[in-house]
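Architecture and fold: a report
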Amino acid sequence: MRITHPFHPLFSRLLPCVGRRYNRHGERLLLQADDTAVWSVPPQWTDLANPDPEVVMGNGRALLRTVDLLELASLVGRLSGKSASRSLGKL
C-alpha cells in the first residue's frame, strides 16, 4: 500500500501490509517499512481509501476542503468577536 498523507514521513512509499488491527480510534493498517519497523496508520492515509472528491476536483489546487475552510472561518469569526468584546470592555 502507498502512504498518501502528505505530511507522513513515509509519504509516497509503497509498503507491504503485514496486518490490521482495531482500537478505539478505528481500523489501523500495519505497514512494514523495513526489517524491524512496522508503522500503524489509518487506512484513509493510504491508497486503500477513495480520494476525497473535493480534492480530486481541485486537481491539486486546494489543500483544504470547502467544509473545512468554512468551519475555520466560523471559528475565526467567533474568536475575533470574543477578543473584540474584551477589548471594548477594557476601554
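Residues numbered from 1 in each chain as written. Predicted model: local features only at pLDDT ≥ 70, side-chain atom pairs only at ≥ 80, totals over all residues. Heavy atoms only, no water.

**Details of the overall build of the chain**
When helices and strands are tallied, the chain shows two helices and three strands. Ordering the α and β elements of the chain from the N terminus gives β-β-β-α-α. Looking at the 91 residues of the chain, the share that counts as buried comes to 13%. For the chain, the proportion of contacts with a sequence separation of at least 24, taken over those separated by at least 6, is 26%. (Helix = DSSP H or I, 4+ residues; strand = E, 2+ residues; numbered from the N terminus. Buried < 20%, exposed > 50% of the residue type's maximum accessible area, 1.4 Å probe, protein only. Contact = heavy atoms within 4.5 Å.)

**Points about the pattern of salt bridges**
Tallying each qualifying case throughout the model produces one salt bridge. For the salt bridge of Arg20 with Glu27, the shortest nitrogen-to-oxygen distance reads 2.5 Å. (Salt bridge = Lys/Arg side-chain N within 4 Å of Asp/Glu carboxyl O.)

**Comments concerning the sheet that holds strand S3 (residues 38-41)**
Strand order in the open sheet formed by three strands is S1-S2-S3, with antiparallel pairing between adjacent strands. Two strands close off the open sheet at either side, each with one partner strand: strand S1 (17-23) and S3. Each strand axis lies, on average, 25° off the axis of its neighbour in the sheet, ignoring direction. Direction of pairing for strand S2 (residues 26-32) relative to S3: antiparallel, over a ladder of four bridges. In the sheet register, Leu30 faces S3, and the bridge partner there is Ser40. (Pairing = 2+ DSSP bridges. Axes fitted to C-alpha atoms, helices over the stretch in contact; angles between N-to-C directions.)

**As for a nonpolar patch on the surface**
Judged by side-chain polarity, Leu64, Leu69, Leu72, Leu75, Val76 and Leu79 come together as a nonpolar surface patch covering roughly 510 Å² of accessible area. For Leu75, the position within the fold is in helix H2 (residues 66-90). (Patch = residues over 30% accessible without salt bridge, like charges linked within 9 Å, V, L, I, M, F, W, Y side chains within 5 Å. Areas by Shrake-Rupley, 256 points an atom, 1.4 Å probe, with all protein chains shown as cover.)

**Focus: the side chain of Thr46**
Within the secondary structure, Thr46 is located in the loop between S3 and helix H1 (53-58). A relative accessible area of 1% places Thr46 in the buried class. A distance of 2.7 Å separates a polar atom in the side chain of Thr46 from the backbone oxygen of Pro43. With near-sequence residues (within four places) excluded, Thr46 lies in contact with Met1, Arg2, Ile3, Thr4, Leu29, Leu31 and Val41. (Polar contact = N/O pair within 3.5 Å; in protein donor to acceptor, adjacent residues only side chain to side chain.)

**Some remarks on the pairing of S2**
Inspection of the sheet shows S1 paired to S2 by six bridges, in the antiparallel sense. For Arg20, the partnering residue across the bridge sits in S2 and is Leu29. The antiparallel hairpin formed by S1 and S2 contains two residues in its connecting segment. Taken together, S2 and the strand that follows it, S3, pair antiparallel across an intervening segment of five residues.

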